[in-house]
Each structure stands twice: as C-alpha cells, then as structure tokens.
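A closer look at the structure
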Amino acid sequence: MPFSVSVLSVSPAIEPAITAAVEQLNEVQNVFQFSGPPEEFRRGIHLWHHSSYEAREVFARMREFRERARAGRRYVICAVDGRLAIDEVGARNAFGALDEGKELAVFTLYGQNAYVTDPVRYAAYFLTRYALSFLPPGISLHPRGSPPAGCFFDNKDRRPAIRESLRRASICESCRDRMRDEITVEVNDALTAMSDVVSGRFPLALVMKGGGVKGLAHAAAFQLLSEHYRFDTFVGTSAGAIAAVLFAARYSGDEVAQLLSVKDFQDFLDGGSLGRQAVRLVLHGGCHPGDVFQDWVDDLLRARIQREGEISMADLAPQRAIIYSASSGRGTVIFDSAGVRSDESAAFATRCSMSIPFLFVPPRVGGVRAYDGGMRNNFPLRRFLEDNPRKPLIGLYLSTDTHRNRRRWLPAELIDIWTDGDEAEQVDQRPESVAVIDPYPVRTTDFALTAEEKRYLETIGRASAMLLVRRRLCDGGPSLSDIKAVLGEARGLYDYVCRRRGVPADGATWFLARGH
C-alpha cells in the first residue's frame with residue numbers, strides 16, 4: 001500500500017517546480033505517493049504566502065489544513081519561498097524543519113540557486129528527505145559539526161554541505177542501520193529510484209534538434225553530458241534522428257564524432273549529373289535518391305547490433321529511439337522503437353526524417369511521401385513532452401542564423417527556414433534543460449565541410465554542454481577554467497571559419513547568441 005504524503009506550496013510562483021518534482025518522484029516508484037491538496041484548498045494555502053516564515057507558524061497552518069482536509073492526510077510537506085526561521089534552535093535561515101511529531105515538514109526554495117539551478121531537483125531532494133523522516137520515528141540528523149557524508153540526514157550547519165548531499169543523494173551506513181526495520185526491498189528500490197532523480201542519475205531523454213550537417217555538434221555535446229548523466233531515450237529530427245539511432249545503438253559521442261569527422265558528407269549527394277538531378281526533381285520531388293545515406297546508417301547499425309536482416313527500430317531495445325518525419329496527409333510521422341512503427345527499418349526511419357525538401361527524394365510511408373521532420377517538429381521538445389509528460393530530459397538546440405542580416409540565395413534561405421525552424425520560446429522556458437548550440441556560420445546544407453569546420457562544430461557542441469552542466473550542477477559540474485579553455489578554442493576556430501567564408505566575425509554576437 002502506498003505511503004501517502006500531501007505536498008503543499010504557498011506560492012503560485014513555485015508551484016510548477018513542486019508539481020514537476022511530485023510527478024517525477026511518482027513516476028519512478030510507487031511506495032511513496034506524493035499528491036497535492038484538493039483544489040478547493042489551493043487558493044487558501046496561497047494566502048499563507050509571506051516574505052519570511054517561522055516554522056512553528058507554518059506547522060500550525062498545516063495542522064489546520066490536515067484537520068479540514070481529512071481523508072487520511074497524516075503526513076504533509078509544505079514548500080515556501082522566503083527565509084525560514086526555526087526559533088527553537090535560533091536558526092534564522094534554515095533549509096527546512098521537521099515537526100516534533102515527525103508527521104509535518106516544511107522546506108524553502110529561498111536561495112536555491114546558490115546550490116543547484118534546477119528547482120525541480122531541489123524540491124525532489126527535500127520531498128525525498130522528509131518522506132524518509134516519516135518512516136522511522138527515531139531517525140535524526142547527524143550531530144552538529146560532523147563531516148558531510150552526502151547523506152539525506154547530514155546536519156547542514158554549513159550551508160554549502162547541501163551540494164554534496166544533492167550530488168550523492170544517499171543514506172549513509174549509520175542511518176541505514178538505524179532504519180533497517182523500515183527499509184524493505186520495496187522501500188529500498190523506491191529510495192534508489194528517487195535518489196537517482198535527485199542526483200541527476202535517473203535516466204533522461206536526450207531531445208535533439210535537426211539541422212543537417214550542423215548535427216555534428218550533437219556528438220560532442222552527448223559525450224560531455226554522458227560524463228554526468230545517464231540516458232535511455234534518444235529523440236530527434238533530421239540530424240538529431242541520425243544521432244538518436246546511433247546513440248540508441250550504443251555508439252558513444254566520441255565514436256559518432258569520429259565517424260562524422262572522417263565522413264565526406266558530399267557522398268550523400270548521390271544524384272549523379274545535374275541533368276539527372278533535374279529529371280529526378282521533376283519526376284520524384286528530389287535531386288538525390290538518398291540511398292547512399294540509408295546504406296551508411298544501416299552499415300553502422302549492423303556493425304553494432306549483430307542480427308540477420310535489416311536492423312529495425314525495435315532492435316535498438318532496451319534503449320529507446322523516437323524519430324519524427326512529416327507528411328502532407330498525416331502530419332507528424334513517428335517512428336518509436338517502443339511504440340508505433342517499431343518494426344520499420346531504423347535506417348529507413350532516419351532516411352525519412354532527413355528528407356530535406358527538393359534536395360532528397362521523399363520516401364513513402366504507407367503510400368504517403370515522408371519529408372524532413374523539421375518541417376513540423378525540428379526541435380521536437382513540445383511533441384515529446386505531449387506524449388511523455390513525466391520524462392525528465394535534456395535538449396540540444398541548434399539555433400538558427402536567420403537573425404543575421406545578410407543576402408542569400410532565396411531557395412537556400414527557404415530550406416534553412418523549413419529545416420531550422422525557430423522554437424526559441426521552448427528554449428526560454430527551460431533554460432536548465434536545454435543547451436543552446438549556435439553553429440553560425442555553418443548552414444544546414446553545407447555538405448562540403450573542411451576538417452576545421454567539423455572541429456568547430458564539435459568544439460561548440462562540447463562548450464555548450466559544459467555550460468549547461470555547470471548551470472544545472474553549479475560547482476559539481478565542469479570547472480570554470482576548463483570551460484574557459486574550450487570556449488577559447490571555439491573562438492579561435494570560429495574566427496577561422498568566418499575568415500574562410502568571408503562573413504563577419506562579431507565576437508559579442510557569437511557569445512551572446514548562445515545564451516551564455
């Protein structure tokens with residue numbers, strides 16, 4: 001039977017983070033069931049909001065709520081967003097407090113940005129920590145002054161100690177021994193899953209934007225992210241689809257980067273002479289058949305997954321890959337290794353997703369032409385969340401260069417608009433979850449990249465991922481000196497690429513365009 005815990009938040013401003021934390025913890029286990037208040041109580045709880053709080057007063061209001069709400073609401077946790085004082089111990093700026101009856105707890109998100117920029121992880125930490133406190137009535141904090149053990153029950157008299165506790169999200173052997181009667185196999189599994197959410201170890205989805213040849217940056221970004229997070233779901237469109245199937249097939253970021261760095265992308269332009277391309281464009285809707293590309297992906301998958309016949313999307317299990325294409329009759333066409341069209345060839349699914357209009361012949365899915373997925377979901381974050389609302393994720397967003405005022409051939413400009421899209425609003429809403437990679441001046445259809453241009457894409461991918469990890473983990477991420485070194489390398493390559501292409505190298509625009 002679930003261990004029910006009511007979760008209250010006193011301010012609409014913090015409610016989205018608290019709700020997301022509740023959903024993530026409930027998604028990964030079913031021993032502790034976190035739930036919000038009945039809707040008729042929500043506005044009244046918001047009236048508790050103040051600029052500062054005294055734990056004793058909050059507990060009094062929580063008892064009133066519990067009495068009025070009834071319905072078995074024995075355990076209650078309240079989130080506030082101002083300074084929290086505990087008069088009994090003289091604490092004027094506490095992280096949280098547990099009522100003496102050990103059935104009520106309060107914590108604050110005040111100053112949370114100093115320790116971790118993701119408020120959802122921070123809230124999940126305290127929900128887990130106080131839910132554990134409700135289990136064994138005899139458990140207590142470690143003695144004041146004891147060295148941090150990365151334990152939920154560390155006495156954080158030195159406030160920075162919470163960083164280590166957040167990073168490790170565990171129970172030390174001493175506390176585990178005191179809780180041995182309460183930690184059953186089911187409770188231990190639930191604790192492990194919740195700890196993975198708190199520490200960032202819980203498997204994430206990696207959502208990657210399309211962008212043609214610019215997708216080389218995905219590989220370097222993924223390699224850096226893999227040093228800090230685990231992924232079990234890979235989602236992409238066009239260039240992101242290529243990365244998605246290869247990562248799902250257990251290729252590392254370094255391996256994919258190496259494959260792409262030595263690959264001549266012009267090989268994929270397999271349409272023959274200009275005359276043949278023109279005929280094919282008129283008769284079949286694209287200049288190039290795309291067979292060389294599909295065979296290349298299929299060969300890579302066969303090298304990693306030993307099976308007879310074509311490698312299907314389902315063959316990528318236990319990893320999950322989701323690829324998006326587009327059609328005039330069906331809108332979004334989805335290939336999901338754990339769902340719709342899982343029996344389709346993974347190489348064919350990737351081929352559908354990268355069918356840049358007019359450049360490649362659109363293949364047919366169920367008798368309907370399939371086009372580059374970027375025409376509908378170039379950065380498929382919104383669509384993925386609609387179908388998987390509780391899955392934590394990190395996004396890799398290849399920004400567009402259409403904001404730069406320069407003359408270009410009209411068809412090339414239209415292709416870039418179609419394939420690049422502009423989902424800046426989604427990025428702005430999730431700064432803690434999306435790494436912005438600005439590959440200017442490289443364009444979607446620049447198939448003749450030099451070695452230096454490829455290295456530039458890899459370097460900015462790695463730099464953008466480092467900055468995201470730093471934002472999410474604060475001092476638990478890459479050091480500032482390491483980030484500065486990679487940014488310096490990226491800047492040097494950027495200047496070279498701009499000189500080679502004869503375009504302006506505006507340093508401020510280059511830096512600020514990446515949102516860093």
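Read on for a plain summary of the structure. (Residues numbered from 1 in each chain as written. Predicted model: local features only at pLDDT ≥ 70, side-chain atom pairs only at ≥ 80, totals over all residues. Heavy atoms only, no water.)

**Let's talk about the pairing of strand 17 (residues 393-398)**
Taken across its 6 residues, strand 17 has 6 buried, putting it largely inside the fold. Of the two faces of strand 17, both are covered, the one formed by Leu-393, Gly-395 and Tyr-397 as well as the one formed by Ile-394, Leu-396 and Leu-398. Relative to strand 18 (residues 434-437), strand 17 is paired through 4 bridges, and the arrangement is parallel. Bridge pairing in strand 18 places Leu-396 opposite Ala-435. (Buried < 20%, exposed > 50% of the residue type's maximum accessible area, 1.4 Å probe, protein only. Helix = DSSP H or I, 4+ residues; strand = E, 2+ residues; numbered from the N terminus. Pairing = 2+ DSSP bridges.)

**Thoughts on the pattern of salt bridges**
With the rule as written, the count across this model stands at 24 salt bridges. A salt bridge links Arg-501 to Asp-446; the shortest N-O distance between them is 2.7 Å. Pair noted here: Arg-501 is in helix 19 (residues 480-501) and Asp-446 is in the loop between strand 18 and helix 18 (451-473), with a separation of 55 residues, a long-range link. Accessibility expressed as a relative area gives 10% for Asp-446, which makes it buried. A salt bridge links Asp-495 to Arg-491; the shortest N-O distance between them is 2.9 Å. Residue Asp-495 and its partner Arg-491 are located together in helix 19, separated by 4 residues, close to a single helical turn. Through salt bridges with shared partners, a single network forms among Arg-443, Asp-446, Glu-453, Arg-500 and Arg-501. (Salt bridge = Lys/Arg side-chain N within 4 Å of Asp/Glu carboxyl O.)

**Observations concerning the environment of Tyr-122**
Summarising the element assignment, Tyr-122 is placed in helix 4 (residues 119-134). Here the alpha-carbon distance between Tyr-122 and Ala-321, two residues 199 residues apart in the chain, equals 29 Å. Those residues within four positions of Tyr-122 in sequence are excluded, and the remaining contacts are Phe-95, Thr-108, Leu-109, Gln-112, Val-116, Ile-162 and Leu-166. (Contact = heavy atoms within 4.5 Å.)

**As for helix 8 (residues 216-226)**
Judged by how many residues are buried, helix 8 sits mostly within the fold: 10 of 11 residues are covered. Buried within helix 8 we find Leu-216, Ala-217, His-218, Ala-219, Ala-220, Ala-221, Phe-222, Gln-223, Leu-224 and Leu-225.

**Notes on unusual backbone geometry**
Residue Pro-318 is reached from Ala-317 by a cis peptide bond, and omega for that bond is 10 degrees. Summarising the element assignment, Pro-318 is placed in the loop between helix 12 (291-304) and strand 11 (320-327). For the bond from Tyr-440 to Pro-441, the omega torsion is 10 degrees, close enough to zero to count as cis. Mapped onto the elements of the fold, Pro-441 is located in the loop between strand 18 and helix 18. The backbone of Arg-341 shows a phi angle near 60 degrees, a positive value even though the residue is not glycine.

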